[in-house]
Amino acid sequence: MSQAMTVTGTDGQPRCRWCAAAPEFEAYHDREWGFPVADDTRLFEKICLEAFQSGLSWRTILAKRENFRRAFDGFDFRRVARFGEKDVARLLQDEGIVRHRGKIEAVIHNAARAVELQAEHGSLAAYFWRFEIDPASAAEPQTVTTAPEAVALAKDLKKRGWKFVGPTTVYAFMQAMGLVNDHATGCVVAKQVARARDAFDVPA
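Residues numbered from 1 in each chain as written. Predicted model: local features only at pLDDT ≥ 70, side-chain atom pairs only at ≥ 80, totals over all residues. Heavy atoms only, no water.

Q: Describe the UniProt feature "binding site: Zn(2+)" (unreviewed entry) in the protein, with residues and values.
A: If you check UniProt for "binding site: Zn(2+)" (unreviewed entry), the listed places come out as Cys-16, His-29, His-183 and Cys-187 in our numbering. Of the residues just listed, which span 172 residues, no C-alpha pair is farther apart than 10.4 Å, and they cluster in one region. Inspection of the secondary structure assignment puts Cys-16 in strand S2 (residues 14-16). Among all residues touching Cys-16, those that are not within four sequence positions of it are Met-5, Thr-6, Val-7, His-29, Trp-33, Gln-142, His-183, Ala-184 and Cys-187. If you trace the backbone, Cys-187 turns up in the loop between helix H10 (167-177) and helix H11 (190-199). A relative accessible area of 4% means that Cys-187 is categorised as buried. Aside from chain neighbours lying at most four places away, what touches Cys-187 is Thr-6, Pro-14, Arg-15, Cys-16 and His-29. (UniProt positions renumbered as here; feature names shortened; annotations may be inferred. Helix = DSSP H or I, 4+ residues; strand = E, 2+ residues; numbered from the N terminus. Contact = heavy atoms within 4.5 Å. Buried < 20%, exposed > 50% of the residue type's maximum accessible area, 1.4 Å probe, protein only.)

Q: If you had to explain the nonpolar core to someone new, which residues and values would you point to?
A: Within the largest apolar cluster, 64 residues are counted, with the highest numbers of intra-cluster contacts made by Phe-44, Phe-68, Phe-72, Ile-104, Phe-128, Leu-157 and Met-174. Excluding residues within four positions of it along the chain, Leu-157 makes contact with Ile-47, Tyr-127, Phe-128, Trp-162, Val-165 and Val-170. (Core = buried A, V, L, I, M, F, W, Y, C linked by side-chain atoms within 4.5 Å.)

Q: How would you explain the packing of helix H2 (residues 40-53) against H10 if you had to name every residue and give the values?
A: Relative orientation of the contacting elements H2 and H10 amounts to 140 degrees, with a least axis distance of 9 Å. Our classification of the angle between H2 and H10 gives oblique. Considering how the two elements wind past one another, H2 and H10 form a crossing that is right-handed. For the pair H2 and H10, the contacting residues are Arg-42, Leu-43, Lys-46, Ile-47, Glu-50 and Ala-51 in the first and Thr-169, Ala-172, Phe-173, Ala-176 and Met-177 in the second. Classifying every residue of the contact of H2 with H10 gives seven nonpolar, one polar and three charged. (Axes fitted to C-alpha atoms, helices over the stretch in contact; angles between N-to-C directions. Parallel < 35°, antiparallel > 145°, perpendicular 65-115°, else oblique. Left-handed = near helix turned anticlockwise from the far one by under 90°. Nonpolar A, V, L, I, M, F, W, Y, C, P; charged D, E, K, R; others polar.)

The following block contains the structure:
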């Protein structure tokens, strides 16, 4: 199973098969994907970018990530929450990002929800990490597109008024931010992520 899920990387080491789909994926896979994140800004950025990816490829979003950061004030959700209609109009003219009104307005709307969430839980990280997937109960890596924990998180976010946070989008967010180690068993980065998760202090 693990062999079928891996591909040889540029250094001759096995990696998750998906990272061979584009040249820029290997660095993202090796340095970011699956490593645990406790930074609220990064967590907010990622859940926003997953929403933008809906219906598109991650390659498209990753290529535009710096443009998104510039357009949305570094995903500082306190600042984004104050965006108004002029900002929406500006963003709809920004060729460096995905110009989808519904998704742009969702980011601004969700920023206000993030401010509320941070006030309630102390940090976004403390909230999100309540939904961490236990390695003992996790599915075989990269065999599912959602999980009970992702369904629960999506349901709770929607109850709080968040938009573009379906179970599949939320699960992709969890994979990327380390709430589950979904690296293929034979992947050279899988053990690095496992060690990082073991050493990680879950925010409380």
